[in-house]
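# Chains, contacts and geometry: an overview
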2 protein chains.
Amino acid sequence: MITIDDFDTFPDFPIEGILFYDIAPILASPDRFREACIQLMPPPDAEVDVVAGIDARGFIFAPVVAQTLGVGMTMVRKKGKMPGVDLLESGVEMEYGSADLTVSAGGIEGRHVLVIDDVLATGGTACAVAEMLERGGAASVRFSFLMEIEGLEGRAALEGYSVVSAVIV
Amino acid sequence: MITIDDFDTFPDFPIEGILFYDIAPILASPDRFREACIQLMPPPDAEVDVVAGIDARGFIFAPVVAQTLGVGMTMVRKKGKMPGVDLLESGVEMEYGSADLTVSAGGIEGRHVLVIDDVLATGGTACAVAEMLERGGAASVRFSFLMEIEGLEGRAALEGYSVVSAVIV
């Protein structure tokens, strides 16, 4: 079982006032990485048809969780990174910086979607992704995060959604 | 076994003259994704201590290959994305655009490194990553790519390195 001690911390990165939790030590150990992926798994009774990984660190965990569940994966990326005419788009305000995210609509309609990202902070990104997926006809949306920063109240912002956090700080 | 027909293609993306091969259909199928990861595996006699995934699509395949090999993973990211004082840096000229890449030196010295990325085009990124890893004391560097664009001669640029390509086009 991974805990907050498995992360490295860097104060004032990428900007002043932000304490950055680095996942590198978790990735460096195949056992810790596997444990982290287990902690990201949804409850056994959860219905999941597709796992949506958020660029870039969500991409690291989403495929392993998807393989464990026996389902496919889809990418949530910043606008301009993905081709296609069927892209859903969303405007996002994040803890620092901002980004417009896109996802291919084809894999979303009627599907139960598990969204995976590394950090739940204010929940701004997650809310925007949920809105985008629901607009695209997702049957349900749930979330798994590697780390939840409790003081920033992202869980409250995601009220009504199932939220799994591997580590809460 | 995945083939070139498993990719979607988009002409003139992200810029005119580039034919973009989209991995989305491979990710959407858990079986095809697993097959792709098997095709990325190095030869059975290859010595690999750590898998380096290149941001962002290398992040999708590197963890599964690393887990299959029973080794850890490290991230190769654009400059400014990773904290730390022990970062190796490299200048890169890519098929389109350019980027400075970084990797944490801690996981490289004395290690046999398997680098994973989605596309081998001219080999500019791969050469820059190899140079960076060797400067950081890697014991060896080898590569696996999901797709190799043969006409751009990246394999010649990587002469002397072991190169695995899941699909050659």
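Bear in mind the structure is a predicted one, so any value in this text is a computation, not a measurement.

All names here are of chain B. Interhelical geometry of helix H2 (residues 30–39) versus helix H3 (residues 58–69) gives an angle of 70 degrees and a closest axis separation of 9 Å. In terms of their interaxial angle, H2 and H3 are classed as roughly perpendicular. The residues of H3 that touch H2, namely those facing Phe 33, Ala 36 and Cys 37, are Ile 60, Phe 61, Val 64 and Val 65. Considered class by class, the residues forming the contact of H2 with H3 number 7 nonpolar, no polar and no charged.

With an axial shift of 0.0 Å and an RMSD of 0.0 Å, the rotation relating chain B to chain A amounts to 180 degrees. This pairing of chains is accounted for by a two-fold axis. When the interface residues of chain B are mapped onto chain A, 100% of them again fall at the interface, so both copies present the same face.

The next thing to look at is the packing of aromatic side chains. All names here are of chain A. One pass over the structure, following the stated rule, counts 10 aromatic pairs over all chains. For the pair Phe 33 and Phe 61, a centre-to-centre distance of 5.4 Å together with 35 degrees between the ring planes defines the contact as tilted. Within this pair, whereas Phe 33 is found in helix H2 (residues 30–39), its partner Phe 61 is found in helix H3 (residues 58–69), the two being separated by 28 residues in sequence. For the ring pair Phe 143 and Tyr 161, a centre distance of 5.7 Å and an interplane angle of 85 degrees mean the geometry is edge-to-face.

Listed per partner, the contact involves 32 residues of chain B and 32 residues of chain A. Summed over both partners, the interface of chain B with chain A comes to about 2,500 Å²; 67% of that surface belongs to carbon and sulfur atoms. Together, B:Gln67, B:Met75 and B:Pro83 form the three largest contributors to the area buried by chain B at its contact with chain A, with a combined 24%. Linking chain B to chain A there are 0 salt bridges. On inspection of chain B and its partner chain A, the count reaches 6 residue pairs in polar contact (both at pLDDT 80 or more).

Now for a positive patch on the surface. Judged by side-chain charge, A:Lys78, A:Lys81, B:Lys78 and B:Lys81 come together as a positively charged surface patch. With respect to the helices, strands and loops of the structure, A:Lys81 is situated in the loop between strand E4 (72–78) and strand E5 (87–93).

On inspection of all chains with the given rule, the structure shows 2 cavities of 30 Å³ or more. Within this model, the largest cavity holds a volume of roughly 40 Å³. For the largest cavity, the full set of lining residues is A:Pro63, A:Ala66, A:Gln67, A:Val71, A:Gly72, A:Met73, B:Leu27, B:Pro30 and B:Phe33. Breaking the lining of the largest cavity down by element, the ones donating at least two residues are H3 and E4 of chain A together with H2 of chain B.

This brings us to the packing of H3(A) against H3(B). Relative to each other, H3(A) and H3(B) sit at 50 degrees, their axes nearing to 7 Å. Judged by the angle between their axes, H3(A) and H3(B) are oblique. Relative to H3(B), the crossing made by H3(A) is right-handed. Contacts between H3(A) and H3(B) pair A:Phe59, A:Ile60, A:Pro63 and A:Val64 from the former with B:Phe59, B:Ile60, B:Pro63 and B:Val64 from the latter.

Take the pattern of salt bridges next. Residues and elements named next belong to chain B. One pass over the full model with this rule turns up 12 salt bridges over all chains. For Arg 32, the salt bridge is made with Asp 6, and the minimal N-O distance between the two is 3.9 Å. Taken together, the residues Arg 32 in helix H2 and Asp 6 in the segment before strand E1 (8–11) connect sequence positions 26 residues apart. Judged by relative accessible area, Arg 32 falls into the partly exposed class, the value being 31%. Accessibility expressed as a relative area gives 15% for Asp 6, which makes it buried.

What counts, and where the lines are drawn
Residues numbered from 1 in each chain as written. Chains lettered and ligands numbered in written order. Predicted model: local features only at pLDDT ≥ 70, side-chain atom pairs only at ≥ 80, totals over all residues. Heavy atoms only, no water. Axes fitted to C-alpha atoms, helices over the stretch in contact; angles between N-to-C directions. Helix = DSSP H or I, 4+ residues; strand = E, 2+ residues; numbered from the N terminus. Parallel < 35°, antiparallel > 145°, perpendicular 65-115°, else oblique. Contact = heavy atoms within 4.5 Å. Nonpolar A, V, L, I, M, F, W, Y, C, P; charged D, E, K, R; others polar. Least-squares fit on C-alpha atoms with pLDDT ≥ 70 in both. Phe/Tyr/Trp six-rings, centres within 6.5 Å; stacked < 30°, edge-to-face > 60°. Buried area = accessible area lost by both parts, 1.4 Å probe. Salt bridge = Lys/Arg side-chain N within 4 Å of Asp/Glu carboxyl O. Polar contact = N/O pair within 3.5 Å; in protein donor to acceptor, adjacent residues only side chain to side chain. Patch = residues over 30% accessible without salt bridge, like charges linked within 9 Å, V, L, I, M, F, W, Y side chains within 5 Å. Areas by Shrake-Rupley, 256 points an atom, 1.4 Å probe, with all protein chains shown as cover. Lys, Arg positive; Asp, Glu negative; His and termini not counted. Charge placed at Lys NZ, Arg CZ, Asp CG, Glu CD. 1 Å grid on protein atoms, 1.4 Å probe; cavity = no way out; pocket = protein on both sides within 12 Å on 5 of 7 lines; lining within 4 Å. Points joined across faces, edges and corners; volume = space filled by probe spheres on them. Left-handed = near helix turned anticlockwise from the far one by under 90°. Buried < 20%, exposed > 50% of the residue type's maximum accessible area, 1.4 Å probe, protein only.

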